[in-house]
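Observations on the three-dimensional arrangement
Spelled out from the first residue to the last, the chains are:
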Amino acid sequence: MSPICNARVLFKEFPGSDYPVVDQHLAYDDSQTVDPVTDPLDGGFLVKVLYLSVDPYLRRRMTPGGAPEESIQPFAINEPLVNYGVGVVLRSEHAKIKAGSHLVGFLPFQEYVILPNDDGITLLDSKPDGISWSAYIGVLGMPGLTAYSGWNEFSRAKPGETVFVTAASGAVGAVVVQLAKLSGCKVIASAGSEDKVEYARTIGADVAFNWKKDNTREILKREGPINICWDNVGGESLEAALDAAASHARFIICGSASNYNTGTPYNVKNLQLLIWKEIHFYGFLYLSLQPKHGPAFLRDMPRHVAAGEVKFKEHLTRGLARAGDALLDVLRGGNFGKSVIVVAEE
Ligand code: NDP
């Protein structure tokens, strides 16, 4: 076989405190080639990348000096972006990795990659019937684990309690909505468009509203008080949720999507309510909860998905050339479901 194009998406420049610009801060590059048959493996294995995950936190890797948490290092200039992905092994000289195996792990944004070892790679033995391997970067992967581990660790949910979930149609939020329903709770869901709101209802939300059109405070006042808040966005809706919280509410602070592209984060002004209402605030990173909850997640979530008890929706972007647009969609709320780049069909 003669060499074929091995396209990549490179990180070119730090975007400052605004949205990244495609072709300036990230760029599609098709100047490299790979020969899948003859390129030397040197004891490693050749992976054809099938799916790459687009997550809001990628924006935080575009900050010079990195984020406060050690696990989030800045991308290297002129190197491919890196994130969770699913691939299939084409050739291998590695003792544990066989050609034809599927795997999930941190993969570069490029079509083919030779990995020298299996650090950070998980082999996928099987998948639930009718489900794409891409689920392993969504509901069965990092976002699903985030929802599952955060919910089981912090919610202390009791049937009949009221839960408020923001970005409720997204990769994490949609799983939380369904876990809250499985726990017997009433769910109030917010999302940023009419079709996202409708989707939140179809996966079980009792009350769903469009935060861009409806008044979050009024809805929470009418439908609350809130016993559990799962917050993916921060900012004004978090402030409104604190005002609508019940005594002893649990706030699970998962993300702050409304702040990722702004130079000056929104300052929540009513934190004193933590004292008066004896609210518990839990910020967490899924990696810290993985050792405790990961095994149960791997056992339970495929079963829930296969049984249709946890549904999921993917927002597919075809081709690496559109990776920058996919990222902007996630940062602006243009994604409807888990954002996945389909790099190649099998
Ligand atoms: P989503 O699929 O939910 O995409 C992000 C969503 O955030 C957008 O679709 C949009 O939804 C919403 N959003 C974007 N900008 C704003 C804004 N200005 N104000 C309000 N909402 C906004 O992403 P994920 O499900 O992958 O992630 C959800 C959150 O969880 C993110 O904050 C992410 O960083 C965090 N996270 C945290 C982890 C942890 O370990 N703590 C691990 C994984 C994710 P809409 O249109 O509905 O407003």
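Below, the structure is looked at part by part. From a predicted model like this one, the values you see are computed outputs, not experimental measurements.

Across its full length, the protein holds eight helices and 17 strands. Taken over the C-alpha trace, the protein has a radius of gyration of 21 Å; the compact-globule value for 346 residues is 20 Å, and the two agree within 12%. Overall, the protein is about 65 × 45 × 35 Å in size when its C-alpha atoms are taken along their principal axes. Looking at the protein as a whole, 55% of its 346 residues are labelled buried. Pairs at least 24 residues apart make up 68% of the contacts formed inside the protein by residues separated by at least 6 positions. Counting only carbon and sulfur atoms, one obtains 52% of the accessible surface of the protein, whose full area is about 15300 Å². Looking at charge distribution, the protein has the averaged site of its 33 positive side-chain charges lying 6 Å from that of its 39 negative ones.

What follows concerns the site of the ligand. Near the ligand there are 26 residues, and of these Lys-196, Trp-211, Tyr-260, Tyr-286 and Asn-335 occur at the shortest range. Phe-284 has a polar backbone atom sitting 2.9 Å from a nitrogen atom of the ligand. Taking 910 Å² as the accessible area of the ligand by itself, protein coverage stands at 90%. Elements supplying a minimum of two residues to the shell around the ligand: helix H1 (142–154), helix H2 (171–182) and helix H8 (323–332). Tallied by class, the residues present in the shell around the ligand amount to 16 nonpolar, nine polar and one charged.

Moving on, we come to the sheet that holds strand E14 (residues 245–253). Taken together, the six strands give an open sheet; going across it, the order is E12-E11-E10-E13-E14-E15, and neighbouring strands pair in parallel fashion. If you trace the sheet from one side to the other, it starts and ends with strand E12 (207–210) and strand E15 (280–283), each paired once. Here the average twist between neighbouring strands, direction ignored, is 15°. Pairing geometry for strand E11 (residues 186–191) and E12, over four bridges, is parallel. For Ile-188, the partnering residue across the bridge sits in E12 and is Val-207. Helix-sheet contacts for helix H5 (residues 235–243) involve strand E10 (162–165), strand E13 (226–231), E14 and E15, and the interaxial angle to E14 is about 150°.

Moving on to the side chain of Arg-59. Within the secondary structure, Arg-59 sits in the loop between strand E5 (45–53) and strand E6 (82–92). Within the buried set, Arg-59 has no salt-bridge partner at all; the shortest N-O distance to an opposite charge, 6.9 Å, is to Asp-18. Within polar-contact distance, the side chain of Arg-59 engages the side chain of Asn-261 at 2.8 Å. Arg-59 has contacts with Pro-15, Gly-16, Ser-17, Asp-18, Pro-20, Tyr-260, Asn-261 and Leu-331, leaving out every residue within four places of it along the chain.

Pairing geometry for E5 and E6, over seven bridges, is antiparallel. Following the sheet pairing, Val-49 is matched in E6 by Gly-87. Bridge analysis of E6 against strand E7 (residues 102–108) gives seven bridges, and the strand direction is antiparallel. Directly across from Gly-85, in E7, lies its bridge partner Gly-105.

A few words now on the packing of H1 against H2. Packing of H1 against H2 brings their axes to within 8 Å, and their N-to-C directions diverge by 40°. By the angle between their axes, H1 is oblique relative to H2. H1 and H2 meet at a crossing whose hand is right-handed. Note on element contacts: H2 touches H1 through Ala-171, Val-172, Val-175, Val-176, Leu-179 and Ala-180, opposite Pro-143, Gly-144, Thr-146, Ala-147, Tyr-148 and Trp-151.

Our next topic: the side chain of Asn-210. Considering the arrangement of structural elements, one finds Asn-210 in strand E12. Asn-210 has contacts with Ala-191, Gly-192, Ser-193, Glu-194 and Val-197, leaving out every residue within four places of it along the chain.

Okay, the pattern of salt bridges next. Counted under the stated rule, the structure contains 17 salt bridges. A salt bridge links Arg-201 to Glu-198; its shortest N-O distance comes to 3.2 Å. Of this pair, Arg-201 and Glu-198 both sit in helix H3 (residues 194–202), three residues apart, which is roughly one turn of the helix. Look at Arg-201 and you get partly exposed, because its relative accessible area is 41%. In this structure Glu-198 comes out as partly exposed when scored by relative accessible area, which is 41%. Residues Glu-223 and Arg-222 are paired through a salt bridge, measuring 3.5 Å at the closest nitrogen-oxygen approach.

Here we come to unusual backbone geometry. Residue Gly-224 is joined to Pro-225 through a cis peptide bond whose omega torsion reads 0°. One non-glycine residue, His-248, lies in the positive phi region at around 65°. Along the polypeptide, His-248 turns up in strand E14. Since its relative accessible area comes to 42%, His-248 is described here as partly exposed.

What counts and how
- Residues numbered from 1 in each chain as written.
- Predicted model: local features only at pLDDT ≥ 70, side-chain atom pairs only at ≥ 80, totals over all residues.
- Heavy atoms only, no water.
- Helix = DSSP H or I, 4+ residues; strand = E, 2+ residues; numbered from the N terminus.
- Rg over C-alpha atoms; globule rule 2.2 N^0.38 Å.
- Buried < 20%, exposed > 50% of the residue type's maximum accessible area, 1.4 Å probe, protein only.
- Contact = heavy atoms within 4.5 Å.
- Areas by Shrake-Rupley, 256 points an atom, 1.4 Å probe, with all protein chains shown as cover.
- Lys, Arg positive; Asp, Glu negative; His and termini not counted.
- Charge placed at Lys NZ, Arg CZ, Asp CG, Glu CD.
- Near = heavy atom within 4 Å.
- Polar contact = N/O pair within 3.5 Å; in protein donor to acceptor, adjacent residues only side chain to side chain.
- Nonpolar A, V, L, I, M, F, W, Y, C, P; charged D, E, K, R; others polar.
- Pairing = 2+ DSSP bridges.
- Axes fitted to C-alpha atoms, helices over the stretch in contact; angles between N-to-C directions.
- Salt bridge = Lys/Arg side-chain N within 4 Å of Asp/Glu carboxyl O.
- Parallel < 35°, antiparallel > 145°, perpendicular 65-115°, else oblique.
- Left-handed = near helix turned anticlockwise from the far one by under 90°.

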